[in-house]
Amino acid sequence: MDNAADTLLIRAEAADDIRDVRKLNKKAFKGNDEARLVDAVREADYFIPALSLVAEKGGRIVGHILFTPVRIEDAGGATPALALAPMAVMPSCQNQGIGSELVKHGLDECRKLGHKIVVVVGHPEYYPRFGFVKAGEKGLKLPFEAPDEVFMVIELVPGALSGVKGTIEYPPAFHAVT
Ligand SMILES: CC(C)(COP(=O)(O)OP(=O)(O)OC[C@H]1O[C@@H](n2cnc3c(N)ncnc32)[C@H](O)[C@@H]1OP(=O)(O)O)[C@@H](O)C(=O)NCCC(=O)NCCS
């Protein structure tokens with residue numbers, strides 16, 4: 001029988017969740033950088049509240065994912081995209097599929113809001129299962145040094161990357177941590 005306490009709910013972050021999201025990021029990343037990044041993005045005018053999602057289970061916040069606008073810049077102009085960063089699941093709740101639900105719901109929400117491209121810098125064994133591919137092979141570059149395989153991209157709309165090349169420009173909140 002379904003136990004309501006075990007039901008996983010993915011929803012947009014509310015003001016009451018902010019402290020829990022901060023604690024969760026500190027715990028999952030064993031440091032303050034990602035918690036500070038989320039706080040800084042939340043204060044910025046480019047923050048998209050619908051794309052800061054939490055995973056709630058039994059009344060507790062056990063996961064969080066954030067998507068932030070970036071630009072793919074090249075000589076011909078700029079293309080809007082989103083960056084998935086950061087994402088965290090409470091250590092005691094990892095490997096139960098919560099992260100996967102956050103990514104899947106998150107990408108659906110991005111698509112619903114009309115976004116077409118999402119980039120991520122993260123675990124190369126993890127994100128391909130959601131459809132991410134190596135971004136370097138698509139002609140995208142990072143503004144900092146990182147191994148090729150950690151930089152990935154997904155098209156939310158087929159063909160969204162056709163004719164798009166360039167370097168990701170992250171918004172100011174990321175400059176302190178990238
Ligand atoms: C990465 C993270 C969000 C995954 O959340 P989760 O709820 O455990 O994920 P799921 O249960 O959906 O999936 C588990 C899978 O993630 C993989 N995974 C978790 N951490 C990983 C890591 N550091 N490197 C590679 N894969 C990792 C597990 O090996 C597992 O793979 P499997 O399904 O092939 O066995 C979570 O482990 C976390 O918060 N880690 C610390 C913070 C972090 O690294 N965030 C991501 C930054 S890119």
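From a predicted model like this one, the values you see are computed outputs, not experimental measurements.

Chemist: What is the right way to look at the site of the ligand in this model?
Modeler: Taken together, 17 residues lie around the ligand, and Gln94, Gly99, Ser100, Gly122 and His123 are the ones closest in. Sorting the residues of the shell around the ligand by element identifies helix 1 (18-29), strand 4 (77-89) and helix 3 (98-112) as the ones contributing at least two each. For the shell around the ligand, the element with the most residues is strand 4, which contributes 4 residues. Among the residues forming the shell around the ligand, the class breakdown is 8 nonpolar, 8 polar and 1 charged.

Chemist: Sorry, what's going on with the environment of Leu51 here?
Modeler: Along the chain, the position of Leu51 falls in the loop between helix 2 (33-43) and strand 2 (52-57). When the C-alpha positions of Leu51 and Leu82 are compared, they lie 9.9 Å apart, and in sequence the two are 31 residues distant. Aside from chain neighbours lying at most four places away, what touches Leu51 is Leu66, Phe67, Glu109 and Cys110.

Chemist: What exactly am I supposed to notice about the pairing of strand 4 here?
Modeler: Each regular strand displays side chains that alternate between the two surfaces of the sheet. Judged from the 11 bridges that link them, strand 3 (residues 60-74) and strand 4 form a sheet pairing that is antiparallel. By the bridge assignment for strand 4, Ile72 is matched with Thr79. Adjacent in sequence and paired antiparallel, strand 3 and strand 4 are bridged by 2 residues. Pairing between strand 4 and strand 5 (residues 117-121): 3 bridges, direction parallel. Counterpart to Leu82 in the pairing with strand 5 is Val118. You can see the chain leave strand 4, run along helix 3 and come back into strand 5, and the turn it takes is right-handed.

Criteria and thresholds
Residues numbered from 1 in each chain as written. Predicted model: local features only at pLDDT ≥ 70, side-chain atom pairs only at ≥ 80, totals over all residues. Near = placed C-beta within 6 Å. Helix = DSSP H or I, 4+ residues; strand = E, 2+ residues; numbered from the N terminus. Nonpolar A, V, L, I, M, F, W, Y, C, P; charged D, E, K, R; others polar. Contact = placed C-beta atoms within 7 Å. Pairing = 2+ DSSP bridges. Right-handed = clockwise from strand over helix to strand, strands pointing away.

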